[in-house]
Amino acid sequence: MPVEGLCRAKSGTRPYFTHNVRANRTHGLVGQYFGASLRVNKKTSGNGLMIRLIGYFFGIGTVLFLVVAAGVAWYIGDVSKDLPDYEVLNSYEPPVTTRVHAASGELMAEYAHQRRLFLPIQAIPDRVKAAFLSAEDKNFYSHPGVDPFGLARAVINNIQTGGRQGASTITQQVAKNFLLTNDQTYERKVKEAILSFRIEQAYSKDRILELYLNEIFFGQNAYGIAGAALTYYNKSVNELTIAETAYMAALPKAPSNYHPFRHPERAVERRNWVIDRMVENGYVSKVDGAEAKQQPLGVTPRKTGSYLFASEYFAEEVRRELIDRYGNDALYEGGLSVRTTLDPRLQALARKALQKGLMSYDERRGFRGPVERIDVSGDWGALLGKIDPLRDVPEWQLAVVLSASDDKVEVGLRPGQEASGSVGAERLTGSILAEDMKWAFRLNFPNEKSRNVKLASEVLTPGDVVYVEPFELEGAQRLRLRQPPKIQGALVAMDPHTGRVLAMVGGFSFAQSEFNRATQAQRQPGSAFKPFVYAAALDNGYTPASVVLDAPIEIVSGGEIWKPKNYGGGSAGPSTLRLGIERSRNLMTVRLAKDMGMNLVAEYAERFGVYDDMLPVLAMSLGSGETTVMRMASAYSVFANGGKQIKPSLIDRIQDRYGKTIFRHEERSCDACVATAWLSQAEPEVIDEREQVLDPMTAYQITSMMEGVVTRGTAASKVNLGRPTAGKTGTTNEEKDAWFMGYTADLVTGVFIGFDNPTPMGRGSTGGALAAPVFNEFMLAALKDSRPVDFRVPEGMKLIAINRKTGMQAFEGEGDVIMEAFKPGTGPSDVYSVIGLEDYATGDAITTISPQANQAVVNGSGGLY
């Protein structure tokens, strides 16, 4: 078919091809237009796609953010459920050190699980605050609890150095230390941050800093800045220098890493870093900072335990009493402030007097051998340094014998202790001349028969470790040989009007033995008990002039016969009560007790506090029961104060951590004593409601009789104070216990001497020979600066001259006369009568007592002298 026909066939009346040609022309023009448009739309479609992609990812990111935020919110909410209550910080009561002071205010001892003293923020110097802010958190006063800038710095530093620099703020540390654990986990850090925000909202910055500075650990068992200042420098925070303050601020990061003696270089480096930060932050000038960095650490550790010389036994007794009253937690965490009754001067004098008495007895018995033996061929200083000396006897030094000749001994002295506890290398030597060790020429080695020698080389040999005491003679320094005594003793000095214990020594050395023989040793008082027997008699119809027979007597008990004897044997026949107590007559005392009845004697002994439950048997009248020096001193105080019962006390006052008084020993009241001005009111009167356990007149009569013990009796020539003094010696069977109890108008002192395991001390070791000289030395020194005071004579007492032997009224010009005190309505007898004479005359001198007394009788009667 022709093309034209084909075109018609296709298009009907119009050729198809022609139409398409036109159309193509038209399409060409349109195509040019749309081609340009298509190129523009392609660019627009690319941008839209990008926008759609961005929108898509933004949507996904938003969803993810919301999911993460929801997850974080859920996690924080979940973590927050278990968060501790930060409001407990309102009632913050950290464990605080209990401090014990002498009556003078001097510190005696401190007790704590954590050595801490709480300081309010107002009492902490600005320099101290600046040091800790520079070391720990310089933005503390501007951040909300967490420091984002500090955190960023720490992260960058850790990435750069590979270290683990912390970024915890002071608030975070408070949250961790008070409310959380030290676990190194992310959960703990999250909790820490949450709590920090909450703490910042609830508390002021100063309060948060106060909590921090009082809680942090500094090493050496020191907590809080006040405790640390005392522990490391023995100073208060106000006395710390810039260098010292910086070192304190350096420690909390890692106390063991900056130990002043184990790691001194690290400690100085860290301290200087803190000083640089203080300079950088404007708290310290560059000049002062540079000067501080040149200073040594200068750490001077404070010793623990007892701080006041010679107060160890006293402090330990106070510690036990505090535990009995309030428990361990109150003592070691309660921050109690305890004011004791201790007089430091009297305490030192008591220690000196007792030690002198114990050493005197011990040296008379001879030298028992060296403390130890070491090899002196090599480094003897190191070996000697390992032996602990008696820390509370600073007058003595340990020494080792290097060589010995006939007339002297060469010794090497123990090297001094450095602050770090290491033994110093310096070696000092000296000589002990034979004349300075003569007491040791009597050898009394264990398991050997004692013998006497004449040469120093026979006493000591090289390698012997001994104690020496330096002393000066005619300008020359010399050494005296010493040895810790085996004999022990105790001394208690007390105010008889208040019961305040002014001095107490429980043995030769607390370092040698912590057993307190003043309060813990139960010993027989012997004849020191007799005044209570005589007091019972005088309170019940007898007088000092009553006459009792001093003659042999036998007591039968359970088949055993007890025959008490006077010391030295013999008897004096009929004698007055005064003579019986002055010469400590056992036979008289037993007859007097028998005449009164032992139930009465037991009642008085318990009333005075000598015993709690005394067995009413005749043997007890001679002091065969067991009691303590403290009880005896308290009982004798009743005689001295006119018959008033007292409670011995080591403590005047106790305050809690807030200063509130929770205990006061003084029980007497004086309402008018608190007046602030004189308004013509009556003179204040102290109301004393203590129990009157003895007639004041009886108390004076006993006192007068015991004055005779000192002037004419068993303590004559042993006690001479140059003022009115009363007292009584006491010695038990075989001289196992030696006592002297005595007093002036305002001071009572009791002394006991004996072996811890009751052992005979040797013939002549009586209360008068051993204990009375200790009493005399102490009292002379204690009363040196006080004026003599007469014993108070109760109103109504009559003084009548009597014959000392017969007890009857003396005639003018008669010899052997004494002025005796009588109560109203009593006086010397007009008829000479003797208590116990009838039984003796009829041969009825044998008395049978109940079997229950047998054990007391067999164990020993006591009361020899």
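Right above here is the structure, for reference.
The shown structure was predicted, so the numbers you read here are calculated from the model rather than taken from an experiment. Within every chain, residues take consecutive numbers counted from 1 along the sequence as written. Two thresholds apply to this predicted model, a pLDDT of at least 70 for residue-level local features and 80 or more for giving and counting side-chain atom pairs, whereas whole-chain, interface and lining totals are computed over all residues. The basis for every side-chain value is the complete set of non-hydrogen atoms in the structure, without hydrogens or water.

Peer 1: Give me the lowdown on the layout of surface pockets, citing residues and values where you can.
Peer 2: Using a grid of 1 Å spacing that covers the protein atoms alone, one calls a set of points a cavity when a 1.4 Å probe fits there but cannot get out, and a pocket when the set is open and has protein on both sides within 12 Å along at least five of seven lines; lining residues are those with an atom within 4 Å of a point. Grid points are joined across faces, edges and corners, and a volume is the space filled by probe spheres set on the points. Quantified by volume, the second largest pocket comes out at close to 480 Å³. Lining the second largest pocket are 23 residues, and of these Thr628, Met630, Arg631, Ser634 and Pro648 sit closest to its centre. Here the residues of the lining of the second largest pocket sort into seven nonpolar, seven polar and nine charged. Each residue is assigned to one of three groups, with Ala, Val, Leu, Ile, Met, Phe, Trp, Tyr, Cys and Pro labelled nonpolar, Asp, Glu, Lys and Arg labelled charged, and all others, Gly among them, labelled polar.

Peer 1: Which residues make up the sheet that holds strand 15 (residues 501-505), and what values go with them?
Peer 2: In spatial order, the strands read 15-14-24-23-22; together these five strands make up an open sheet with antiparallel pairing. For this open sheet the edge positions go to strand 15 and strand 22 (726-731), each flanked by a neighbour on one side alone. Pairs of neighbouring strands in the sheet enclose a mean axial angle of 5°, with direction left out of account. The rule for pairing is simple: two strands pair if DSSP sees at least two bridges between them. Put simply, DSSP marks the helices as runs of H or I at least four residues long and the strands as runs of E at least two long, and each gets a number from the N terminus on. Pairing between strand 14 (residues 488-494) and strand 15: four bridges, direction antiparallel. When the sheet's bridge partners are listed, methionine 494 is paired in strand 15 with valine 501. To obtain an axis, a line is fitted to C-alpha atoms, over the contacting stretch when the element is a helix, and the angle between two such axes runs from 0 to 180 degrees between their N-to-C directions.

Peer 1: A description of the packing of helix 16 (residues 530-538) against helix 19 (residues 598-608) should follow, citing residues and the corresponding values.
Peer 2: Taken N-terminus to C-terminus, the directions of helix 16 and helix 19 make an angle of 115°; their axes are 9 Å apart at the nearest point. With respect to helix 19, the axis of helix 16 lies roughly perpendicular. In the packing of helix 16 onto helix 19, the handedness of the crossing is right-handed. Of the residues in helix 19, those touching helix 16 at Phe532, Val533, Ala535 and Ala536 are Leu600, Val601, Tyr604 and Phe608. Within the contact of helix 16 with helix 19, the residues separate by chemical class into eight nonpolar, no polar and no charged. Roughly parallel means an angle under 35 degrees; roughly antiparallel means over 145; roughly perpendicular covers 65 to 115; every other angle is labelled oblique. Note: crossing handedness is left-handed where the near helix turns anticlockwise from the far helix by less than a right angle, and right-handed where it turns clockwise. Throughout, a residue-residue contact means that at least one pair of heavy atoms, one from each residue, lies within 4.5 Å.

Peer 1: Could you give an account of the packing of aromatic side chains, with specific residues and numbers?
Peer 2: The criterion for an aromatic pair is that two Phe, Tyr or Trp rings (for Trp, the six-membered ring) have centres within 6.5 Å, with stacked assigned to planes under 30 degrees apart, edge-to-face to planes over 60 apart and tilted to the rest. Tallied over the entire structure, the rule returns 25 aromatic pairs. Between the aromatic rings of tyrosine 361 and phenylalanine 755, the centroid separation amounts to 6.2 Å while the plane-to-plane angle is 70°, which identifies the pairing as edge-to-face. You can see tyrosine 361 sitting in helix 14 (residues 344-364) and its partner phenylalanine 755 sitting in the loop between strand 24 (748-754) and helix 22 (767-782), a full 394 residues away along the chain. Accessibility classification places tyrosine 361 together with phenylalanine 755 in one group, the buried group. Where phenylalanine 529 meets phenylalanine 532, the ring centres are 5.6 Å apart and the plane angle is 45°; that geometry is what we call tilted. Comparing phenylalanine 529 with phenylalanine 532 shows no difference in burial state: the two are buried. Grouped by ring-pair contacts, the aromatic residues Phe529, Phe532, Phe608, Tyr611, Tyr636, Phe639, Tyr743 and Phe791 constitute a single cluster. In this analysis the charged atom, NZ for Lys or CZ for Arg, is taken to sit over a ring once it is within 6 Å of the ring centre and within 35 degrees of the ring normal. A cation over a ring is seen here: arginine 302 above tyrosine 307, with NZ or CZ 4.7 Å from the ring centre. Over the ring of phenylalanine 471 we find arginine 480; its NZ or CZ atom is 3.9 Å from the centre of that ring. Only protein chains enter the calculation, and the probe is 1.4 Å; a residue is then buried if its accessible area is under 20% of its type maximum, exposed if over 50%, and partly exposed in between.

Peer 1: Break down the environment of alanine 109 for me, citing the residues and quoting the values.
Peer 2: The topology assignment puts alanine 109 in strand 2 (residues 107-111). Residues alanine 109 and serine 311, spaced 202 residues apart in sequence, show a C-alpha to C-alpha distance of 8.7 Å.

Peer 1: Would you mind going over helix 12 (residues 312-326) in detail, with residue names and values included?
Peer 2: Within an α-helix, residues lying three or four positions from one another point in the same direction, as the helix has 3.6 residues per turn. Taking 1.5 Å of rise per residue, 15 residues should cover 21 Å, and helix 12 covers 21 Å from first to last C-alpha, within 8% of that figure. Of all the positions in helix 12, only Glu312, Tyr313, Phe314, Ala315, Glu316, Glu317, Val318, Arg319 and Leu322 are classed as buried. Once helix 12 ends, the next one or two residues include glycine 327, with phi positive near 95°. Expected helix span is taken as 1.5 Å per residue step, with the number of steps being one fewer than the number of residues.

Peer 1: Before we move on, can you summarise the sheet that holds strand 1 (residues 98-101) with the specific residues and values?
Peer 2: Strand order in the open sheet formed by five strands is 2-1-5-20-21, with mixed pairing between adjacent strands. Pairing within the sheet leaves two strands with one partner each, and these edge strands are strand 2 and strand 21 (661-664). This sheet shows a mean twist of 15° between the axes of neighbouring strands, independent of strand direction. Sheet topology places strand 5 (residues 337-340) next to strand 20 (residues 651-655); four bridges connect them, and they run antiparallel. When the sheet's bridge partners are listed, threonine 340 is paired in strand 20 with isoleucine 651.

Peer 1: Could you give an account of the environment of arginine 668, naming the residues involved and the relevant values?
Peer 2: Structurally, arginine 668 is set in the loop between strand 21 and helix 21 (696-711). Measuring from C-alpha to C-alpha, the distance between arginine 668 and aspartate 688 comes to 5.0 Å, with 20 residues separating the pair along the chain. Ignoring sequence-local partners within four residues, the contact set of arginine 668 consists of Thr498, Val686, Ile687, Asp688 and Arg690.

Peer 1: Residue-level account of a nonpolar patch on the surface, with values.
Peer 2: Only residues above 30% relative accessible area that lack a salt bridge enter a patch, with like-charged residues linked at up to 9 Å and the nonpolar side chains Val, Leu, Ile, Met, Phe, Trp and Tyr linked at up to 5 Å. Using the Shrake-Rupley algorithm and a 1.4 Å probe, accessible areas are obtained, with residue cover drawn only from the displayed protein chains. By definition here, a salt bridge exists when the distance from a side-chain nitrogen of Lys or Arg to a carboxyl oxygen of Asp or Glu is within 4 Å. Residues Leu49, Met50, Leu53, Ile54, Tyr56, Phe57, Ile60 and Leu64 make up a contiguous nonpolar surface patch of about 800 Å² in total accessible area. Mapped onto the secondary structure, isoleucine 54 falls in helix 2 (residues 16-81). Given the relative accessible area of 53%, isoleucine 54 is considered exposed.

Peer 1: Which residues make up empty space enclosed by the protein, and what are the values?
Peer 2: Tallying each qualifying case throughout the model produces two cavities of 30 Å³ or more. Surrounding the largest cavity, 13 residues form its lining, Glu312, Tyr313, Arg351, Asp392 and Phe508 being those nearest its centre. Elements with a contribution of two residues or more to the lining of the largest cavity: helix 12, helix 14 and strand 15. Partitioning the lining of the largest cavity into residue classes produces six nonpolar, four polar and three charged.

Everything listed here is a matter of coordinates, which is why it stays silent on function.
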